[in-house]
Amino acid sequence: MIKQPCDILKEQDKKGCNLKNFKNELERLFSQNANKDNLKKAKEIFEQYKQLCNDEDTYLKEYYNCLEIEIKLIAYELSTKNKLEEKICTRAIASYNRYFNSLDKDLSKNEDLDEEEKTSWYLECTTRIQEDIIKICKYYCKILFKKIKDEKNLESRNNLFCKIHDVISIIQKYEEYLNNTDKQKLHLYLAEENVLQGKTEKAIIEYDNAIKFNPNDFCTSNQKAIYLYKLGKYTETENIYNSFLRSKELEKESKFILYCNLSKTFITLNNLKKAKYYIDKAKKIINNNTSKKTLSENQIDKCEALYYFKKGKYRKASECYEKLQNEPYYKRKYGVSLIRENIDSNKGNDLIRESIERELNNNIIKNFPKSLYIYRKLDKNTIFTILNGYLAFSNPKNFNDPLDTKFIIDNTKDTEIKEILKKFKIRCFSGGEATDDKSNEPLNTLMWSHYAEEHKGIAIEYDFTDFKQQEKGFYFTKVDYSNALVPNMEIIEQTDYIKSFFTKDELWKYENEYRLITFEDNLDFDENLENKFKCNLDKIGIKIKSITFGFRTEDKDAFQELIRSKIPNCEFYKIEIMDKKIHPFKLVRSRYETK
């Protein structure tokens, strides 16, 4: 039945009435105290409102109202103290962008309005949602900044930077409407964004902009001072802290941070008398500040460690550092940075080495596989190492991945630390592949292709059952595969040095790599060897268990006879293709005996 014009008008009137009622009810709820019951009602009404707005004959004005209400609803949910998920914040930003993109498009097409009317309508639309969108953006910034600090994947990190930039850009649009507190927060967001991107100079400018809106804010000034310190601008750092020393309104906790940071600044400036003065003042506050005693003591330990090291009292410095190592936070954060300044003696270098080895010890794995493999081409070097019972250790500069360890060492600006890092040597192993009935076999096709001369070489199985973990200064680690960013070399911490020894890009994950790390003075030097450094297997409790031939290895019998003359219990296997008719081919391993 065809609808008559009068029926259509009645339906439109009814629909318009419903839309108006829904909108009025939502506005009434939004004006009340935010609670879960009101939020539930608002969400139900909005779903009905949105359904009506999705009809084809909805007026353009209602489309804008719908987007506005969605933003207000999300802001209202935030007012109920709910923790919003990231996707809800993303939806709010998307609605905001649709709102203004559509508004710009419609205003440019509308010829009935003059420029003054268009500007008036635009300002009206902007004003209606500014409070709500700013509230959402501030909350969303906190989520994104927290997330990006823990994100290692390069692509995900770049995506988060884009989101942060977009959200901050929205807040900047409303800067003229912000109160001083929100204007300060805007510049703090911009400062934090620059810090995360390694743009320290730009971050300091934004901290300056933030301080203009609250000159007495110690936290913001302290952040600026920290980055000035990292840039080596110690006098400017001192001036900031001195300006707060005269303040009578500073809380005890802030005063404590102030004294600790001043002591570190004077240590760097070689004014040890003043440094000790502020360490003692910080200690006095500890006695009356039991609420955060552990944190306070750790900060004092760090200041004293730096102080004693600068005075040449290495034993006392080491004792302070030992206390820091026992606390999870400082164990991660502080290490080599403790003793970066004025390293001009063997004792200083010994202390650096000790701190690096201590951090390596924190990263060893205890439950490692009992068998691991080295894939090798069958040449005189390989035969020599097997017959003489030792492992050859590599210099990271010879690794096939230029970003593996070598990059950090080459770009370390501290020459003393660089020289110590160069003395580390590494032996790489590969874990086996799981099979139906056996858990550890050398069946990795890529490893055979890349490291065993395209299946013409061998895979040596090493038995780690009696391995003496770290007893002789050897540290056993598992390689972590991630798209981690190369750290900012201006503010690199000890964990960056250490992680470089066992972190690789995800592209290398197929290697399933384990590493044995040690200093070169734990090894024997052999000029005839390709890698120059070696270690006797008996010294660290490792022995050769088996040797597996690739499916293209030649002279198997002669090699087997030679090896058994030295290692009678060595088992021999060969790699074969399970079924050459099926692709992709599958490798299998079987026993090999002399023909």
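Please refer to the structure placed before this passage.
These remarks concern the structure in this document.

Rules and cut-offs
- Residues numbered from 1 in each chain as written.
- Predicted model: local features only at pLDDT ≥ 70, side-chain atom pairs only at ≥ 80, totals over all residues.
- Heavy atoms only, no water.
- Helix = DSSP H or I, 4+ residues; strand = E, 2+ residues; numbered from the N terminus.
- Buried < 20%, exposed > 50% of the residue type's maximum accessible area, 1.4 Å probe, protein only.
- Contact = heavy atoms within 4.5 Å.
- Patch = residues over 30% accessible without salt bridge, like charges linked within 9 Å, V, L, I, M, F, W, Y side chains within 5 Å.
- Areas by Shrake-Rupley, 256 points an atom, 1.4 Å probe, with all protein chains shown as cover.
- Salt bridge = Lys/Arg side-chain N within 4 Å of Asp/Glu carboxyl O.
- Lys, Arg positive; Asp, Glu negative; His and termini not counted.
- Charge placed at Lys NZ, Arg CZ, Asp CG, Glu CD.
- Core = buried A, V, L, I, M, F, W, Y, C linked by side-chain atoms within 4.5 Å.
- Axes fitted to C-alpha atoms, helices over the stretch in contact; angles between N-to-C directions.
- Parallel < 35°, antiparallel > 145°, perpendicular 65-115°, else oblique.
- Left-handed = near helix turned anticlockwise from the far one by under 90°.
- Nonpolar A, V, L, I, M, F, W, Y, C, P; charged D, E, K, R; others polar.
- Polar contact = N/O pair within 3.5 Å; in protein donor to acceptor, adjacent residues only side chain to side chain.
- Pairing = 2+ DSSP bridges.
- Phe/Tyr/Trp six-rings, centres within 6.5 Å; stacked < 30°, edge-to-face > 60°.
- Lys NZ or Arg CZ within 6 Å of the ring centre and 35° of its normal.

1. Things to note about the environment of L523
Working step 1: Looking at the secondary structure, you find L523 in the loop between strand 8 (513–519) and strand 9 (524–525).
Working step 2: The exposure class of L523 is buried, given its relative accessible area of 9%.
Working step 3: Residues in contact with L523, not counting those within four places in the same chain, are F393, K425, F474, T518, F533, K534 and C535.

2. Observations regarding a negative patch on the surface
Working step 1: On the surface, D114, E115, E116 and E117 cluster together to form a negatively charged patch.
Working step 2: Mapped onto the secondary structure, E116 falls in helix 5 (residues 115–150).
Working step 3: Under the relative-accessibility criterion, E116 is labelled exposed at 66%.

3. Some details on the nonpolar core
Working step 1: In terms of nonpolar packing, the biggest core is built from 37 residues, with Y96, I133, I168 and Y174 touching the most fellow members.
Working step 2: Put simply, the parts of the chain that give this core at least two residues each are helix 3 (60–79), helix 4 (86–109), helix 5, helix 6 (154–173) and helix 7 (180–196).
Working step 3: Per element, the largest residue contribution to this core is 12 residues, and it comes from helix 5.
Working step 4: Aside from chain neighbours lying at most four places away, what touches Y174 is Y96, F100, T126, I129, Q130, I133 and I134.

4. Regarding unusual backbone geometry
Working step 1: Unlike most non-glycine residues, E453 shows phi in positive territory, near 50 degrees.
Working step 2: Summarising the element assignment, E453 is placed in the loop between helix 20 (445–451) and strand 4 (458–463).
Working step 3: Residue classification places E453 among the partly exposed positions, given a relative accessible area of 40%.
Working step 4: Here N512, not a glycine, exhibits a phi torsion of approximately 45 degrees, which is positive.
Working step 5: Structurally, N512 can be placed in the loop between strand 7 (503–504) and strand 8.

5. Focus on the packing of helix 10 (residues 234–245) against helix 11 (residues 252–268)
Working step 1: Contact pair helix 10 / helix 11: the axes reach a minimum separation of 10 Å and the direction vectors enclose 150 degrees. With respect to each other, helix 10 and helix 11 are oriented roughly antiparallel. Helix 10 and helix 11 meet at a crossing whose hand is left-handed. The segment helix 10 lies against helix 11, with Y234, T237, E238, Y241, N242, F244 and L245 engaging L258, Y259, N261, L262, T265, F266 and T268.
Working step 2: Taken together, the residues that form the contact of helix 10 with helix 11 break down as 8 nonpolar, 5 polar and 1 charged.

6. A word on the side chain of N222
Working step 1: With respect to the element layout, N222 can be found in helix 9 (residues 218–230).
Working step 2: In terms of polar contacts, N222 uses its side chain to reach the side chain of Y241, at 2.8 Å.
Working step 3: A distance of 2.8 Å separates polar atoms of two side chains, one belonging to N222 and the other to N261.

7. Some details on the pairing of strand 11 (residues 543–549)
The two faces of the sheet receive side chains in turn, since in a regular strand these alternate between them.
Working step 1: The buried fraction of strand 11 amounts to 5 of the 7 residues, a majority that puts the element mostly inside the structure.
Working step 2: One ladder, built from 4 bridges, connects strand 11 with strand 12 (residues 571–577); its direction is parallel. Considered in strand 12, the bridge of S546 is made with E571.

8. Describing the sheet that holds strand 2 (residues 390–393)
Within a beta sheet, neighbouring strands are joined by backbone hydrogen bonds and run either parallel or antiparallel to one another.
Working step 1: Strand order across the open sheet formed by 3 strands is 2-10-9, with antiparallel pairing between neighbours. At either margin of the open sheet sits one strand with a lone partner, and together these are strand 2 and strand 9.
Working step 2: Strand direction decides the pairing type here: strand 9 and strand 10 (residues 533–536), joined by 2 bridges, are antiparallel. Bridge pairing in strand 10 links D524 to K534.

9. Observations concerning the packing of aromatic side chains
Working step 1: In total, this model carries 21 aromatic pairs according to the counting rule given.
Working step 2: Both rings, one in F464 and one in F476, keep their centres 5.2 Å apart while their planes meet at 50 degrees; by these two values the pair is tilted. In this pair, F464 sits in the loop between strand 4 and strand 5 (475–478) while F476 sits in strand 5, placing the two residues 12 residues apart along the sequence. Here F464 matches F476 in class, with each residue buried.
Working step 3: Feature note: the residues F429, Y462, F464, F467, F476 and Y514 constitute an aromatic cluster, connected by ring pairs.
Working step 4: Sitting over the ring of F533, K425 keeps its end group 5.1 Å from the ring centre.

10. Some remarks on the pattern of salt bridges
Working step 1: Counted by the stated rule, this structure contains 13 salt bridges.
Working step 2: Notably, a salt bridge pairs K138 with D182, separated by 2.7 Å at the nearest N-O pair. Here K138 is found in helix 5, whereas its partner D182 is found in helix 7, with 44 residues between them in sequence.
Working step 3: A salt bridge links K504 to E511, with the shortest nitrogen-to-oxygen separation between them at 2.8 Å.
Working step 4: Each of K504, E511, E513 and R515 takes part in one network of salt bridges that share partners.

So far we have only geometry, and geometry alone does not tell us how the molecule works.
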